Amino acid sequence: MAYSLWNDQIVEEGSIAVSPEDRGYQFGDGIYEVIKVYNGNMFTAQEHIDRFYASAEKIRLVIPYTKDVLHKLLHELIEKNNLETGHVYFQITRGTTSRNHIFPDASVPAVLTGNVKTGERSYENFEKGVKATLVEDIRWLRCDIKSLNLLGAIMAKQEASEKGCYEAILHRGDIVTECSSANVYGIKDGKLYTHPANNFILNGITRQVILKCAEEINLPVIEEPMTKADLLTMSEIIVSSVSSEVTPVIDVDGNKIGAGVPGEWTRKLQQAFEAKLPLSINAE
Ligand code: PLP
């Protein structure tokens, strides 16, 4: 039997009934998080929970539970579902009221839901690398918020998928921002380039781990916007997210990146990243 998170309770999945007037359903008025689980252990749970509260604050949504309560609920959800490797997804919306753009009264409770998914790590992608395509970034100007509104991301990812690509690398005009559901980096002449963490990108939790890994392996990080032309001259490109981890990109729109195989720095970053994962049972 599968269990879900329903506000501050863990309940049988089938017992949840979300109202058609939930503001998440009607407006995408809410935020979410995804935490990777390795052998039953959440990775960087506190960072994800902190970002969840930060996103909520940015849209003036009050989460009626403490961070500790949420952490415990997620733990319980993983245990109840006997999840080994996969992820836990959770979201909160501004509650259920008669449809109106204006925020509901403070007495209307937010709606918190969550569930888990089993899924193996994408070893083949990590090993061989993937293809990507450049797509215009049509999303809103607050990409730092992990909003439930994902139409811009979905349209881009669908375009990538239809072109046989793993990811859409987004650009606003000439400037590369991030991917539809990942951050993007270029490596050239012993330096790692990535967009600064401002309103144009989501500051990935994996990104923050990768920047620490880069420091550990003496790979200087330049957080500056790069152009599409800059990107194509990089000798290595990687994309990162909870599920992509450190995934090499070996081809962008038919342009071979470097030698067309994952490069040396990418391999070093992957090793440094792997060393941080809570892979042993009960490591958390
Ligand atoms: N950027 C976008 C637009 C995303 O949707 C995601 C993850 O879903 C990321 C970056 C990577 O964030 P994280 O490393 O926290 O998964």
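As a reminder, the structure under discussion sits directly above these lines.
Residues numbered from 1 in each chain as written. Predicted model: local features only at pLDDT ≥ 70, side-chain atom pairs only at ≥ 80, totals over all residues. Heavy atoms only, no water.

### Here we look at the overall build of the protein
Thinking step 1. Counting its regular elements, the protein contains 8 helices and 16 strands.
Thinking step 2. Among the 284 residues that make up the protein, the fraction classed as buried is 51%.
Thinking step 3. If you sum the accessible surface of the protein, you get close to 13,700 Å²; carbon and sulfur atoms cover 52% of it.
Thinking step 4. One way to put it: in the protein the 29 positive side-chain charges average out to a point 3 Å from where the 39 negative ones average out. (Helix = DSSP H or I, 4+ residues; strand = E, 2+ residues; numbered from the N terminus. Buried < 20%, exposed > 50% of the residue type's maximum accessible area, 1.4 Å probe, protein only. Areas by Shrake-Rupley, 256 points an atom, 1.4 Å probe, with all protein chains shown as cover. Lys, Arg positive; Asp, Glu negative; His and termini not counted. Charge placed at Lys NZ, Arg CZ, Asp CG, Glu CD.)

### Side note on the packing of aromatic side chains
Thinking step 1. Summed over the entire model, instances satisfying the criterion amount to 6 aromatic pairs.
Thinking step 2. Plain terms: the ring middles of Phe43 and Phe273 are 6.0 Å apart, the flat faces sit at 85° to each other, and that makes the pair edge-to-face. Of this pair, Phe43 sits in the loop between strand E4 (41-42) and helix H2 (45-58) while Phe273 is found in helix H8 (residues 264-276), placing the two residues 230 residues apart along the sequence.
Thinking step 3. The class for Phe273 is buried, based on a relative accessible area of 4%.
Thinking step 4. Ring centres of Tyr123 and Phe126 lie 6.2 Å apart, and the angle between their planes is 80°; this geometry places the pair in the edge-to-face category. In this pair, Tyr123 and Phe126 both sit in helix H4 (residues 123-128), 3 residues apart, roughly one turn of the helix.
Thinking step 5. Given a relative accessible area of 9%, Phe126 falls into the buried group.
Thinking step 6. Within the aromatic cluster, the residues linked to one another by ring pairs are Tyr38, Phe43 and Phe273. (Phe/Tyr/Trp six-rings, centres within 6.5 Å; stacked < 30°, edge-to-face > 60°.)

### Quick word on the site of the ligand
Thinking step 1. Near the ligand there are 17 residues, and of these Arg51, Glu178, Ile205, Thr206 and Val242 occur at the shortest range.
Thinking step 2. Between a nitrogen atom of the ligand and a side-chain N or O atom of Glu178, the distance comes to 2.6 Å.
Thinking step 3. The contact in question runs from an oxygen atom of the ligand to an N or O atom on the backbone of Ile205, over 2.9 Å.
Thinking step 4. Within the complex, the protein chains bury 91% of what would otherwise be the 390 Å² of accessible surface of the ligand.
Thinking step 5. Of all the secondary-structure elements, those providing two or more residues to the shell around the ligand are H2, strand E9 (175-179), helix H6 (205-216) and strand E14 (236-241).
Thinking step 6. The class makeup of the residues in the shell around the ligand is 5 nonpolar, 8 polar and 4 charged. (Near = heavy atom within 4 Å. Polar contact = N/O pair within 3.5 Å; in protein donor to acceptor, adjacent residues only side chain to side chain. Nonpolar A, V, L, I, M, F, W, Y, C, P; charged D, E, K, R; others polar.)

### Here's the deal with the pattern of salt bridges
Thinking step 1. Summed over all chains, the structure comprises 17 salt bridges.
Thinking step 2. One salt bridge connects Asp50 with Lys67, and the closest N-O pair in it is separated by 2.9 Å. Placement of Asp50 in helix H2 and of Lys67 in helix H3 (residues 67-80) is noted, with a sequence separation of 17 residues between them.
Thinking step 3. Using a relative accessible area of 32% as the deciding quantity, one classes Asp50 as partly exposed. (Salt bridge = Lys/Arg side-chain N within 4 Å of Asp/Glu carboxyl O.)

### Side note on the packing of H6 against H8
Packed helices, taken two at a time, are described by the angle their axes make and the gap between the axes.
Thinking step 1. Between H6 and H8, the shortest axis-to-axis distance is 9 Å and the interhelical angle comes to 115°. One finds that H6 runs roughly perpendicular with respect to H8. Note that H6 runs across H8; the crossing there is right-handed. Here H6 contributes Thr206, Val209, Ile210, Lys212, Cys213, Ala214 and Glu216 to the contact with H8, which in turn contributes Leu269, Ala272, Phe273 and Lys276.
Thinking step 2. When its residues are assigned to classes, the contact of H6 with H8 shows 7 nonpolar, 1 polar and 3 charged. (Axes fitted to C-alpha atoms, helices over the stretch in contact; angles between N-to-C directions. Parallel < 35°, antiparallel > 145°, perpendicular 65-115°, else oblique. Left-handed = near helix turned anticlockwise from the far one by under 90°. Contact = heavy atoms within 4.5 Å.)

### Regarding the state of the cysteines
Thinking step 1. Following the criterion strictly, the structure yields 0 disulfides and no others.
Thinking step 2. Free of any disulfide, Cys179 has its nearest cysteine sulfur in Cys165, 11 Å distant. (Disulfide = S-S within 2.5 Å.)

### Brief notes about the packing of H2 against H3
Thinking step 1. At their nearest, the axes of H2 and H3 sit 11 Å apart, and the two run at 125° to each other. Regarding the angle of H2 to H3, the classification is oblique. The handedness of the crossing between H2 and H3 comes out as right-handed. On H3, the residues that touch Ala45, Gln46, Ile49, Asp50, Phe52 and Tyr53 of H2 are Lys67, Leu70, His71 and Leu74.
Thinking step 2. Classifying every residue of the contact of H2 with H3 gives 6 nonpolar, 2 polar and 2 charged.

### Digging into the sheet that holds strand E2 (residues 9-12)
Thinking step 1. Taking strand neighbours across the sheet as the criterion, the 6 strands line up as E2-E1-E6-E5-E3-E4 in an open arrangement whose pairing is antiparallel. On the outer flanks of this sheet lie E2 and E4, each paired with one strand and no other.
Thinking step 2. Both strand E5 (residues 86-93) and strand E6 (residues 111-118) contribute to a ladder of 8 bridges, which runs antiparallel. Along E6, the bridge assignment pairs Gln91 with Thr113.
Thinking step 3. Of the strands in this sheet, strand E1 (3-6), E2, strand E3 (30-38), E4, E5 and E6 touch H3, which is tilted by about 165° from E1. (Pairing = 2+ DSSP bridges.)

### Remarks on a nonpolar patch on the surface
Thinking step 1. Together, Leu150, Leu151 and Ile154 make up a nonpolar patch on the protein surface, roughly 290 Å² of accessible area in all.
Thinking step 2. Tracing the sequence through the fold places Leu151 in helix H5 (residues 151-162).
Thinking step 3. Under the relative-accessibility criterion, Leu151 is labelled exposed at 63%. (Patch = residues over 30% accessible without salt bridge, like charges linked within 9 Å, V, L, I, M, F, W, Y side chains within 5 Å.)

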